[in-house]
Amino acid sequence: MHARTLRWTSLTISLLSAACPAGVRHDDPTVVADGPAAAAGPIEHRAANEHATAAYRWVDIMLEATGREVDQVGARPTIISRQMAIPMTAMFDAWAAYDDRAVGTRLGGSLRRPERERTIANKEIAIAYAMHTTLVDLFPRDRAWLIDRMREMGHDPDLVSDDTTTPAGIGRAAALAVLAYRRDDGANQDGRAAGSVGQPYSDTTGYQPKNTVETLVDPDRWQPIPFDDGKGGTFAPGFLTPHWGRVKPFALARGDQFRPPPPPVVGSAALKADTDECIAFNGSLSLEQKAIVEFMRDGPRSTGQSGHWLQFAQDVSRRDQHDLDTDVKLFFAVANTAFDAFIAAWDGKRHYDTSRPWSLVRHYYGEQPIVGYKGACQGVGTIKGNEWFPYSPRTFVTPPFPGYPSGHSTVSAASSKMLELFTGSDTFGAFAKHEAGQYTETECTTAQMQAKDGKPDTTVSEARTIVLQMPTFSATALMAGISRVMGGYHIQADNTEGLALGRKVAEASWPKYQAYFDGTAPPPR
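Quick summary incoming for the structure in this document. It should be emphasised that the depicted structure is a prediction, and the values quoted were computed from it without experimental measurement. Residue numbers run consecutively from 1 along every chain, following the written order of its sequence. Only residues with pLDDT of at least 70 are given local features in this predicted model, and only at 80 or more are side-chain atom pairs given and counted; all residues enter the totals for whole chains, interfaces and linings. As a rule here, side-chain values cover all heavy atoms of the structure and leave hydrogens and water aside.

Before going further, it helps to spend a moment on the packing of aromatic side chains. Within a pair of aromatic rings, the relevant descriptors are the distance that separates the centres and the angle that separates the planes. Aromatic pairing here means that ring centres of Phe, Tyr or Trp (its six-membered ring) are within 6.5 Å. Orientation follows from the plane angle: under 30 degrees is stacked, over 60 is edge-to-face, and everything else is tilted. Applying the stated criterion across every chain yields a total of 27 aromatic pairs. Pairing Phe-250 with Phe-332 gives two aromatic rings, centres 5.5 Å apart and planes at 85°, and the pair type is edge-to-face. In this pair, Phe-250 is assigned in the loop between β5 (234–235) and α7 (269–282) and Phe-332 in helix α10 (residues 324–352), connecting sequence segments 82 residues apart. Each of the two residues, Phe-250 as well as Phe-332, counts as buried. The rings of Phe-92, Trp-95, Phe-250, Phe-332, Phe-422, Trp-510, Tyr-513, Tyr-516 and Phe-517 are connected pair by pair, giving a single aromatic cluster. Over a ring means this: the NZ of a Lys or the CZ of an Arg is within 6 Å of the ring centre and within 35 degrees of the ring normal. Note that Arg-106 overlies the ring of Tyr-181, its terminal NZ or CZ placed 3.7 Å from the centroid. Its guanidinium or amino end placed over the ring of Phe-389, Arg-362 lies 5.4 Å from that ring's centre, counting from NZ or CZ. In DSSP terms, a helix is any run of H or I states spanning at least four residues, a strand is any run of E spanning at least two, and both are numbered starting from the N terminus. Residue exposure (1.4 Å probe, protein chains only): buried if accessible area is under 20% of the type maximum, exposed if over 50%, otherwise partly exposed.

Here it is as structure tokens:
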């Protein structure tokens with residue numbers, strides 16, 4: 001079977017309308033976008049790295065630790081962003097002790113070692129103990145698994161050194177300093193913060209939804225949405241971490257620093273148009289669009305946008321054949337930018353508390369007929385507004401928190417801009433292969449997936465493999481943002497304001513990262 005290649009250039013952002021994106025069938029994924037992206041050559045997303053640095057390999061371990069926790073407790077993208085930012089910061093701080101100029105975020109240049117000790121071997125040891133110390137703290141359930149990974153990386157997990165003249169002691173000191181700083185940063189990792197219910201990461205703001213699962217009292221406000229529990233019943237998750245906008249950012253001054261303007265409200269033409277756009281997408285998704293939705297949704301073991309953009313950063317590492325020093329700096333910058341972007345997005349979500357399309361479609365259309373997605377293997381057809389569902393499994397209908405602004409859009413725009421600033425170019429030149437429907441319609445044929453009014457579409461290709469082209473970082477962020485509108489999780493206002501917010505976060509943050517790299521950052525406070 002042939003794969004289909006979906007080309008993304010600045011001109012294909014006609015996706016912002018309800019029109020289908022241009023998709024062409026092509027055998028060769030080396031057909032990247034026109035222009036500068038082609039110069040870098042095609043880079044396959046998440047391909048094997050035969051020359052991975054220690055930093056790259058530790059990112060893989062961190063991503064797997066996150067995926068394992070998602071298996072246990074479900075996806076918690078805000079928490080995940082912090083679980084990635086802390087180890088990446090500790091890794092950078094440990095590495096900085098062996099750099100000529102860089103200074104750590106918590107201990108400044110106080111750990112600096114003499115030039116003769118600034119070897120790759122010492123850097124790798126310091127990084128290992130920084131990563132291991134932080135990961136065990138953040139993923140205590142997987143302590144035994146992490147100990148095994150430490151041994152696989154060639155280090156003794158039983159060595160606990162406070163001697164900061166040794167790389168192991170430096171890694172541990174860097175980690176403990178970052179962990180201590182983050183212990184009371186507002187995330188409530190230990191569940192001991194005032195106002196919380198005593199559970200790790202529980203809310204400290206006393207949030208209560210205006211609407212119930214059964215009754216939409218105020219269509220402008222968020223409504224808990226029922227999920228199938230996989231056992232014949234339903235449950236409705238509450239707002240995930242409503243307090244996250246109050247968490248101390250890394251580079252931003254505060255969560256509300258770039259708070260977006262008020263969103264459109266019921267009664268405005270803008271909100272009705274945005275809702276109708278969601279319905280139009282939902283009732284006409286092509287296989288290519290379904291692949292985009294699922295690829296950016298990132299599947300059942302999703303490590304969130306923080307993890308996804310760290311994987312894109314790994315693509316850059318392979319593309320540019322990074323050394324250890326460059327990888328450490330890149331992963332540090334991207335992880336913390338994503339962390340700050342989540343904080344900024346959650347400030348807006350908590351402040352505006354807006355509805356998701358699931359509620360808005362029901363508000364506007366109720367018992368009226370519309371065209372929508374009918375479920376796995378059923379394609380689209382006429383349904384009632386009250387029967388409308390996003391293109392998503394019934395066990396995870398929509399992320400459990402308000403819509404405005406979109407976290408996907410905010411974090412993607414921030415991370416993409418940081419990659420552009422770090423590399424000095426917007427060029428990406430990557431591609432990803434995705435089996436359309438693999439997370440949503442696993443057992444369905446393409447004809448069933450594209451059925452209309454109960455009739456399978458026998459004209460559609462049997463090929464499910466879609467090749468998604470990502471010529472630039474910014475185009476990849478736009479793809480992530482529009483995927484949430486196409487999927488039915490967000491209205492367009494959530495997306496566009498999220499993209500704008502994310503770019504502001506990265507642009508304001510970049511000078512701070514540069515100051516840590518070149519040693520001009522002020523002493524830690």
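There is more to say after this.
Of the residues making up helix α5 (residues 143–152), those classed as buried are Trp-145, Leu-146, Ile-147, Arg-149 and Met-150. Working rule for contacts: check all heavy atoms of both residues, and any pair within 4.5 Å makes them a contact. On the buried face of α5, the contacting elements are α2 (54–73) and α4 (120–138). Positioned one or two residues after α5, Gly-154 has a phi angle of 90°, which is positive.

This paragraph deals with empty space enclosed by the protein. Grid points spaced at 1 Å over the protein atoms alone were grouped into cavities, where a 1.4 Å probe fits but cannot get out, and pockets, open sets with protein on both sides within 12 Å along at least five of seven lines, with lining residues defined by an atom within 4 Å of a point. Grid points are joined across faces, edges and corners, and a volume is the space filled by probe spheres set on the points. In this structure the tally under the stated criterion is five cavities of 30 Å³ or more. Put simply, the largest cavity is a space of about 60 Å³. For the largest cavity, the full set of lining residues is Asp-93, Ala-96, Ala-97, Gly-104, Thr-105, Arg-106, Leu-107, Gly-108, Leu-111 and Ala-174. Each residue gets one of three labels, nonpolar for Ala, Val, Leu, Ile, Met, Phe, Trp, Tyr, Cys and Pro, charged for Asp, Glu, Lys and Arg, and polar for the others, Gly among them. Here the lining of the largest cavity is built from residues that sort into five nonpolar, three polar and two charged.

This brings us to the nonpolar core. Buried together is how nonpolar side chains tend to be arranged in soluble globular proteins. Formed by 134 residues in total, the largest nonpolar core has its most connected members in Trp-58, Trp-244, Phe-331, Leu-419 and Tyr-513. Apart from the residues within four sequence positions on either side, Trp-244 is in contact with Thr-78, Ile-79, Ser-81, Arg-82, Ala-187, Tyr-201, Phe-339, Phe-342, Ile-343 and Trp-346. As used in this record, nonpolar core signifies buried Ala, Val, Leu, Ile, Met, Phe, Trp, Tyr and Cys residues forming a set joined through side-chain atoms within 4.5 Å.

On to the pairing of strand β7 (residues 379–384). As defined by bridge partners, strand β6 (residues 369–375) adjoins β7 across six bridges and the pair is classed as antiparallel. Residue pairing in the sheet places Gly-372 in a bridge with Gly-381 of β7. Strands were regarded as paired on the criterion that DSSP finds at least two bridges between them. Once β6 ends, the chain turns through three residues before running back antiparallel as β7, passing Cys-377 with a positive phi of about 70°.

Disulfide: a covalent bond connecting the sulfur atoms of a pair of cysteines. Any two cysteine sulfur atoms within 2.5 Å of one another count as a disulfide. Under the criterion given, the structure shown has one disulfide. Residue Cys-377 pairs covalently with Cys-444 via a disulfide, S to S 1.9 Å. Its S-S torsion of about -85° marks the bond between Cys-377 and Cys-444 as left-handed, since a negative value means left-handed. Of this pair, Cys-377 sits in the loop between β6 and β7 while Cys-444 is found in the loop between β8 (427–435) and α13 (446–449), placing the two residues 67 residues apart along the sequence.

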